[in-house]
Amino acid sequence: MSGLCETYARAFAPHDDAPFLRSLAEGGGNSTPALSKAQGLEGVIRVLLIGCGDVAIRTADLLRANVRLYGLTRRPEDVPKLRGHGITPIAGDLDQLRTLGRLRLAPFAVLHFAPPPSEGRDDPRTARLIAALTKARIIPQRFVYISTSGVYGDCAGSRVTESRPRNAQTPRAHRRVAAEDRLRRWATRYGVKLSILRAPGIYAETRLPLDRLKLGTPVLRAEDDVYTNHIHADDLARAAVAALFRGLPNRAYNVTDDADLQMGGWFDAVADAYHLPRPPRVSWDEAETRIAPMLLSFMSESRRLANQRMKRELRVRLKYPTPQALFAEVAPKALKKQLALPLGAAP
């Protein structure tokens, strides 16, 4: 490693006196002396965000004090929001290659949050993205792709490490496998340091299944239930930042919290925290007649993700090691607000 890459590597290496990446992984955002030197010598570090949804915005908030952020968006109404989080908007659509010419801005790193299309077994959006990036005068040095733990398929409740062969069983998981494979080939060819973050269900204060609980949608009875995995949106953002500068080349990471929950236990925990009725339990045969096919597909796969590699190599310290950590923080406030509503008012 030489030149610009070497300078960046020094800038983001751990420092005893001012650990920049450690502070980011733990929610801080202070710059190190080495980072300031790198910015002064080489110019501002450019990071490109592909897909600017909730997790991308949380990631941007961690990075904005130290890098120049750009974000691809196809929706003009999102421009004020992006600017409000320190992101320079770039108009473009991953479904139309001709609109991606402005991605040739020579970013140091790319964070790819955008999902594949909703149909098929391939991800042409990622194909168009890397075609546009390859035309840049400088190929990005680092690339983080947010994939899904669904690529492992059903593991019958087994503990799953990153070395387990992928066994996608749904079209959406096949699309993610296609994206991972295409990115690995591209990264190997062009010397890009690729990190793949395999994320399970993402939760946050605004991403809890409260409406489903209020509707009384059933879950599987204990003997039919499956193991499920979750990660708080803030912790996924921290993992993305850590992978950006600590991830090993062409390496996959399970990004999950420490909870060991079956799906029914997850819904029970949310219900208990918010003083809602627990969902009814049904057999698998009954679930097939009462639960929507998309939701039912998640109930057909059982696995328990191992996160030791994430902790060891990325050195991510989870802010929310279990969902209960979030519930203890936000549920009392939500219940207090609900009690303050006039009788009969909708919460």
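Residues numbered from 1 in each chain as written. Predicted model: local features only at pLDDT ≥ 70, side-chain atom pairs only at ≥ 80, totals over all residues. Heavy atoms only, no water.

Some points on helix α7 (residues 171-190)
Given a rise of 1.5 Å per residue, 20 residues ought to cover 28 Å, and the 29 Å separating the end C-alpha atoms of α7 matches this to within 8%. Here α7 has its buried residues at A173, R175, R176, V177, A178, A179, E180, R182, L183, W186 and A187. On its buried face, α7 sits against α6 (124-134), β5 (142-148) and β7 (193-199). Positive phi shows up at G191, right after α7, with a value of about 70°. (Helix = DSSP H or I, 4+ residues; strand = E, 2+ residues; numbered from the N terminus. Expected span 1.5 Å × (residues − 1). Buried < 20%, exposed > 50% of the residue type's maximum accessible area, 1.4 Å probe, protein only. Contact = heavy atoms within 4.5 Å.)

Quick look at the side chain of R58
Along the chain, the position of R58 falls in helix α4 (residues 54-63). Side chain to side chain, R58 and D54 meet in a polar contact 2.9 Å long. The residues contacting R58, other than those within four sequence positions of it, are A204, T206, H232, A233, D234 and A237. (Polar contact = N/O pair within 3.5 Å; in protein donor to acceptor, adjacent residues only side chain to side chain.)

Let's talk about the sheet that holds strand β12 (residues 251-254)
Where strands meet in a sheet, backbone hydrogen bonds hold them as pairs that are either parallel or antiparallel. Spatial strand order, β3-β2-β1-β4-β5-β7-β12: seven strands in an open sheet with parallel pairing. In this open sheet, the two edge strands, each paired with only one partner strand, are β3 (87-91) and β12. Taking each pair of neighbouring strands and ignoring which way they run, the sheet shows an average axis angle of 20°. With five bridges joining them, strand β1 (residues 46-50) and strand β2 (residues 68-73) adopt parallel strand pairing. Pairing of R46 across the sheet is with R68, part of β2. Against the sheet, α7 touches β5, β7 and β12, its axis set at about 165° to β5. On top of the sheet, helix α9 (residues 233-246) reaches β1, β4 (109-112), β5 and β7; it is set at about 145° to β5, its chief contact. (Pairing = 2+ DSSP bridges. Axes fitted to C-alpha atoms, helices over the stretch in contact; angles between N-to-C directions.)

Observations concerning the packing of aromatic side chains
Inspection of the entire model under this criterion finds five aromatic pairs. A centroid spacing of 5.7 Å and a plane angle of 55° characterise the contact between Y203 and W266, whose relative ring orientation is tilted. Of the two residues, Y203 sits in strand β8 (residues 201-203) while W266 sits in helix α10 (residues 263-273), which places them 63 residues apart along the sequence. Of the two residues examined, Y203 and W266, each falls in the buried class. Geometrically, the ring pair formed by W266 and F327 is tilted, given 6.3 Å between the ring centres and 35° between the ring planes. Taken together, the positions of W266 in helix α10 and F327 in helix α14 (residues 323-339) put the pair 61 residues apart, joining distant regions of the chain. Look at W266 and you get buried, because its relative accessible area is 6%. (Phe/Tyr/Trp six-rings, centres within 6.5 Å; stacked < 30°, edge-to-face > 60°.)

Describing the pattern of salt bridges
Tallied over the full model, the rule gives 27 salt bridges. D235 serves as the salt-bridge partner of R238, at 3.5 Å between the closest nitrogen and oxygen. In this pair, R238 and D235 are both assigned in helix α9, three residues apart and thus about one turn of the helix distant. Both residues of the pair, R238 and D235, count as buried. With a shortest N-O distance of 3.8 Å, E313 and R312 are connected by a salt bridge. Each member of the salt-bridge network shares a partner with another, and the members are R74, D93, D95, R125 and R128. (Salt bridge = Lys/Arg side-chain N within 4 Å of Asp/Glu carboxyl O.)

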